[in-house]
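Fold and geometry: a report
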Amino acid sequence: MTQTPLLDKVKTPADLKSLNDRELRQLADELRAETISAVSETGGHLGAGLGVVELTVALHAVFDTPRDRLIWDVSHQCYPHKILTGRRDRIRTLRQQDGLSGFTKRSESPYDPFGAAHSSTSISAALGFTMARELGGAPDPALGDAIAVIGDGSISAGMAFEALNNAGHLGKRMFVVLNDNEMSIAPPTGAMSSYLSRIYVDKPVQDLKQAMKGAISLLPGPFQEGARRAKDLLKHVTVGGTLFEELGFNYLGPIDGHDLDQLLWVFRTLRERADEPMLVHVLTQKGKGYAPAEGAADRGHARAKFDLVTGKQHKSPSNAPSYTKVFAESLIAQAQNDDKIVAVTAAMPDGTGLDLFAKHFPKRMFDVAIAEQHGVTFCAGLAAGGMKPFCAMYSTFLQRGYDQVVHDVAIQRLPVRFAIDRAGLVGADGATHAGSYDVAFLANLPGFVVMAAADEAELVHMVATAVAHDDGPIAFRFPRGEGEGVEMPAKGVPLEIGKGRMIRQGKRVAILSFGTRLGEVLKACEALGAKGITPTVADARFAKPLDREMILELARTHEALITIEEGAVGGFGSHVAQLLADEGVFDHGLKYRSMVLPDIFIDQASPRAMYDVAAMNAPHIEAKVLEVLGVAQMGKRA
Ligand SMILES: Cc1ncc(C[n+]2csc(CCOP(=O)(O)OP(=O)(O)O)c2C)c(N)n1
Ligand SMILES: CC(=O)[C@@H](O)[C@H](O)COP(=O)(O)O
Ligand SMILES: [Mg+2]
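Residues numbered from 1 in each chain as written. Chains lettered and ligands numbered in written order. Predicted model: local features only at pLDDT ≥ 70, side-chain atom pairs only at ≥ 80, totals over all residues. Heavy atoms only, no water.

1. Digging into the packing of helix 5 (residues 122-134) against helix 6 (residues 158-170)
Between helix 5 and helix 6, the shortest axis-to-axis distance is 8 Å and the interhelical angle comes to 30°. In terms of their interaxial angle, helix 5 and helix 6 are classed as roughly parallel. In this structure, helix 5 uses I123, S124, L127 and M131 to contact helix 6, whose residues at the interface are M159, A160, A163, L164, N166, A167 and L170. In the contact of helix 5 with helix 6, the residues fall into nine nonpolar, two polar and no charged. (Axes fitted to C-alpha atoms, helices over the stretch in contact; angles between N-to-C directions. Helix = DSSP H or I, 4+ residues; strand = E, 2+ residues; numbered from the N terminus. Parallel < 35°, antiparallel > 145°, perpendicular 65-115°, else oblique. Contact = heavy atoms within 4.5 Å. Nonpolar A, V, L, I, M, F, W, Y, C, P; charged D, E, K, R; others polar.)

2. Considerations on the site of ligand 2
In the vicinity of ligand 2, the contacting residues are H45, V74, F103, A117, I185, H301, Y394, F397, R422, D429, H433 and R480. D429 is positioned such that a nitrogen or oxygen atom in its side chain is 2.5 Å from an oxygen atom of ligand 2. Side-chain polar atom of R480 to an oxygen atom of ligand 2: 2.7 Å apart, as the coordinates give it. For the shell around ligand 2, the per-class residue count stands at six nonpolar, three polar and three charged. Structurally, the shell around ligand 2 is a two-domain feature, drawing no fewer than three residues from each of domain 1 (7-294) and domain 2 (323-477). (Near = heavy atom within 4 Å. Polar contact = N/O pair within 3.5 Å; in protein donor to acceptor, adjacent residues only side chain to side chain. Domains from an automatic or database assignment.)

3. Some details on the pairing of strand 8 (residues 388-394)
Most of strand 8 is tucked away: seven of the seven residues are buried. Residues K388, F390, A392 and Y394 of strand 8 are buried on one face, and the alternating residues P389, C391 and M393, pointing to the opposite face, are buried as well. Here strand 6 (residues 341-345) pairs with strand 8 via four bridges, running parallel. Bridge pairing in strand 8 links I341 to K388. (Buried < 20%, exposed > 50% of the residue type's maximum accessible area, 1.4 Å probe, protein only. Pairing = 2+ DSSP bridges.)

4. Notes on the pairing of strand 3 (residues 174-180)
Along any regular strand, the residues point their side chains to alternate faces of the sheet. With seven of its seven residues buried, strand 3 lies for the most part within the structure. Where burial is concerned, the two faces of strand 3 agree: the one with M174, V176, L178 and D180 and the one with F175, V177 and N179 are both buried. Bridge count for strand 2 (residues 146-151) against strand 3 is five bridges, and the pairing is parallel. Looking across to strand 3, one finds that V149 is bridged to V177. Two elements, strand 3 and strand 5 (residues 277-283), share seven bridges in a ladder whose sense is parallel. Residue M174 lies in a different strand from strand 5, and its bridge partner there is P277.

5. Topic: the packing of aromatic side chains
Working definition: an aromatic ring pair is given by the centre-to-centre distance plus the angle between the planes. Going through the model one piece at a time under the given rule, you end up with 16 aromatic pairs. Considering the side-chain rings of F244 and Y251, the 6.1 Å spacing of their centres and the 5° angle between planes classify their relative orientation as stacked. Overall, the relative accessible area of 0% leaves F244 in the buried class. On the numbers, 5.0 Å between centres and 50° between planes, the contact of F357 with F361 is tilted. In this structure, F357 and F361 share a single accessibility class: buried. Among the aromatic residues, those joined into a cluster by ring pairs are F327, F390, F476 and F478. Taking the ring centre of F361 as reference, the NZ or CZ of R364 above it sits at 4.4 Å. The aromatic ring of Y611 is capped on one face by R517, whose charged end is 3.7 Å from the ring centroid. (Phe/Tyr/Trp six-rings, centres within 6.5 Å; stacked < 30°, edge-to-face > 60°. Lys NZ or Arg CZ within 6 Å of the ring centre and 35° of its normal.)

6. What about the coordination of the magnesium ion (ligand 3)?
The protein atoms that coordinate the magnesium ion (ligand 3) are D152 (OD), N181 (OD1) and M183 (O), at distances of 2.0 to 2.1 Å. Sequence spacing of the donor residues for the magnesium ion (ligand 3), all on one chain, is D-x28-N-x1-M. In this pair, D152 sits in the loop between strand 2 and helix 6 while M183 sits in the loop between strand 3 and helix 7 (191-201), placing the two residues 31 residues apart along the sequence. Both residues of the pair, D152 and M183, belong to the buried class. (Donors = N, O, S within 2.8 Å, 3.2 Å for Na, K, Ca; no water.)

These values are about where atoms sit, not about what they do.
Laid out in structure tokens, this is it:
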């Protein structure tokens, strides 16, 4: 076990103030070792945190957190920050149920002034804190400086530029640290990424400390004493004419983000002298200091638990292909026969399986960078231009492109195909990444077709359905993780739009499932069978259009109807209830229940544990059936 004598003494960032620079360098080494050790036990986002160890130490050593608001963009790099800010004793509970979140979270610590997990929000939030300070907002602790740390991947998003534009205009003192490691999750794409590289391609990384000393010695005496404003000095060492300067920021850099001496010097100087918006460009290495991460293609972006020495991850063997892989392979199969099919990801090529698609069709896959809004409208344009775009996004990230879905896709009835991965509760990433809302926010849009796959074979057919459907937008959703292990069809066959399927015929109660809760429903039926209750089970397949005929028939022939879906209220069950109400079914006494995600944000745990919190696993379905039939209260029926 690595010794961490200095880190052991750090309870809060205030303890850093008594360390000299040599000790801070040692502290950084200990912090890196502790981060690697903790993530080897918990799994999680490793590479990004290792890249900002020195930056984390320097910022906490120089600034006065939590009075100064330190805002980590995405915040997947926040583990070293958590260790320094009083959470080391719980760091080995990261991403576990009842443990620390893998992201910054306001409710977790005063050192997390702003929560994140979706990217590119930090500059807006920092500007908000800055203007609150200017206007006398004084929460506890009183407002100091705002510092946003944003990665080169995240700064590619429109929102970051909206914030820079606004901050440059307002001209108040605030700090943006651009952490440039030339990586997103995958290598970053796009002109912005090339631009950042061009800023320093022909120039050595600045040794600002030396350069500043040189600059000062060239100044006349009085100025040596009183070069009061940072920009008076900084213009001697910055690379002139950057985009950031055009937007109203003072640009400083690029500097070596692993050279703690320089970081300390730069931040001390800026803290003392800056009076305008400052952008400090630091170059770092994702995965720094841990060879298995440094050497990996993703620089150790996210890891399962791993062996400290070898870096080998402990992954449980899979029994079925992942939904993501099934989607990608189905799309590849379809695209072999249809050259109009193209696919779009917003910086998640591996996560969406489109890296596989790109291997087959490099010219037909577009990674638009972290730019979901643009990605959706780009697809709308592709569709208007006669292509068949598959917009492959996680449910949670599609949220960012919602106006584009409404305004650019739905209103124009353009046939964009939305492949929505990570539907439902996702596990360790927690509430920020839950795919809870897509059914609700898509099925209310006129002309949208909305499907959910009950298993991986269904997904194959839904991909085929989406290819065939050219009359407006269509979406299909599927969860994170592996499939059910069902037999796979030889090829996808388009489904009839708006038609569900019967799974088993029973009596008294019908369970209408939308999505992969079907497996839990069938488990519940086993248990109910032992109690003499045999529910009818149907797979709705479509939340929109609904299979009216099937639903009304189920309502007519059963005493009770229960819907279940991996989504929030306002989705499938709400549409079914609306149909039943409109058709007057409730006038005749149908007992109806809808099982949806509860009206809370569910914290991280395993997906199963999260569905326990949501009361949506087999025992809960069983209990719901018993309740609706009035059996639970009366004891066992004969
Ligand atoms: C809106 C949004 N889209 C996608 C993601 C998924 N995502 C998380 S981290 C990341 C890469 C971020 O790159 P960068 O900002 O450079 O940080 P690094 O990991 O390189 O430190 C992406 C795409 C996200 N969190 N938010
Ligand atoms: C931080 C972030 O947003 C991603 O790294 C996310 O954690 C990926 O999730 P998956 O593991 O489901 O791809
Ligand atoms: Mg990066």
